Amino acid sequence: MENMTETSCRAFAEALASKAPVPGGGGASALAGSLGAALCSMVGNYTLGKPKYAAVEADVRAILEEAERLRTRLLDLVEEDAAAFAPLSRAYGIPKDDPGRGEIMEQCLRDAAAPPMEMLRLSCRVIELHQALLEKGSAMVLSDVGTGAVLAWSALYGAWLNVKVNTKSMSDRAYAGAMNQEADGMVEKYWKIAEGVYQSVMGRYS
């Protein structure tokens, strides 16, 4: 499936449901993160220009600009994750007695781990933006702050799995360990922030 982010939602979902190797969990995670960022933008756009929020307009404008960058970059990662999977898939087919197999596999695993690692970092930032919008965003769209945080939360966990599946097979355990340590640290910190945002929003409707 080429240009996955240029197709319809229906076609993407059908490709995801099929036996095609891509898109998979990594691409779905990047898309979820992008949707979370898009809801940041939506809240920002609803907030700008409202007299009630004039005091935080500059902050909201900055959030909106960053959310747009995150949204587009996460969409790019849908494609980059798929592109990184193809050479890894071919590498697994190299005979195990091939003397060059180990080096090729190691590089392909590193390349395949890079997109979900970036998804993790960007999803953390999306969560932070929703946390800021709890107080600075329009109350009319507060539920979208909670929904956006949940989408970024989902992207966080999905990307984490896709980092782990690649680091597990790496021969360079120091490299894999450093990547795992960074990923684990982000998840440990940011799931709590996302949960806090969601519960704060839910509490206002209870």
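Residues numbered from 1 in each chain as written. Predicted model: local features only at pLDDT ≥ 70, side-chain atom pairs only at ≥ 80, totals over all residues. Heavy atoms only, no water.

## Section: the overall build of the chain
Piece 1. A tally of regular secondary structure across the chain gives 6 helices and 0 strands.
Piece 2. Mapped in sequence order, the helices and strands of the chain form the string α-α-α-α-α-α.
Piece 3. Dimensions of the chain, computed from the C-alpha atoms along their principal axes, are close to 70 × 35 × 30 Å.
Piece 4. Burial analysis of the chain (206 residues in total) assigns 43% to the buried set.
Piece 5. The long-range fraction of contacts in the chain, counting pairs at least 24 apart against all pairs at least 6 apart in sequence, stands at 75%.
Piece 6. If you sum the accessible surface of the chain, you get close to 10,500 Å²; carbon and sulfur atoms cover 56% of it.
Piece 7. The averaged location of the 26 negative side-chain charges in the chain is 4 Å from the averaged location of its 21 positive side-chain charges. (Helix = DSSP H or I, 4+ residues; strand = E, 2+ residues; numbered from the N terminus. Buried < 20%, exposed > 50% of the residue type's maximum accessible area, 1.4 Å probe, protein only. Contact = heavy atoms within 4.5 Å. Areas by Shrake-Rupley, 256 points an atom, 1.4 Å probe, with all protein chains shown as cover. Lys, Arg positive; Asp, Glu negative; His and termini not counted. Charge placed at Lys NZ, Arg CZ, Asp CG, Glu CD.)

## Focus on the environment of tyrosine 190
Piece 1. Following the sequence through the fold, tyrosine 190 ends up in helix H6 (residues 173-205).
Piece 2. Tyrosine 190 gets classed as buried once you look at its relative accessible area, which sits at 9%.
Piece 3. For the pair tyrosine 190 and tryptophan 153, spaced 37 residues apart in sequence, the C-alpha to C-alpha distance is 7.9 Å.

## Things to note about the side chain of aspartate 81
Piece 1. Residue position: aspartate 81 is located in helix H3 (residues 57-92).
Piece 2. Among buried Asp, Glu, Lys and Arg side chains, aspartate 81 stands out as unpaired, with arginine 73 the closest opposite charge at 11 Å.
Piece 3. For aspartate 81, the contacting residues outside a window of four places in its chain are Gly26, Gly27, Pro115, Pro116 and Met119. (Salt bridge = Lys/Arg side-chain N within 4 Å of Asp/Glu carboxyl O.)

## Comments concerning the confidence of the model for the chain
Piece 1. When pLDDT is averaged across the chain, the result is 95; 99% of the residues are at 70 or more.
Piece 2. When pLDDT is averaged over each element of the chain, helix H5 (residues 142-167) comes out on top at 98 and helix H1 (residues 9-17) at the bottom at 93. (pLDDT = per-residue confidence, 0-100.)

## Notes on the nonpolar core
Piece 1. Judged by nonpolar contacts, the single largest core of 52 residues is most densely connected at Met117, Leu120, Val126, Ile127, Val145 and Leu156.
Piece 2. Those elements that provide at least two residues to this core are helix H2 (25-47), H3, helix H4 (101-136), H5 and H6.
Piece 3. Top contributing element to this core by residue count: H4, with 15 residues.
Piece 4. Setting aside residues no more than four positions away along its own chain, isoleucine 127 makes contact with Ala149, Ala152, Trp153, Leu156, Tyr190, Ile193 and Ala194. (Core = buried A, V, L, I, M, F, W, Y, C linked by side-chain atoms within 4.5 Å.)

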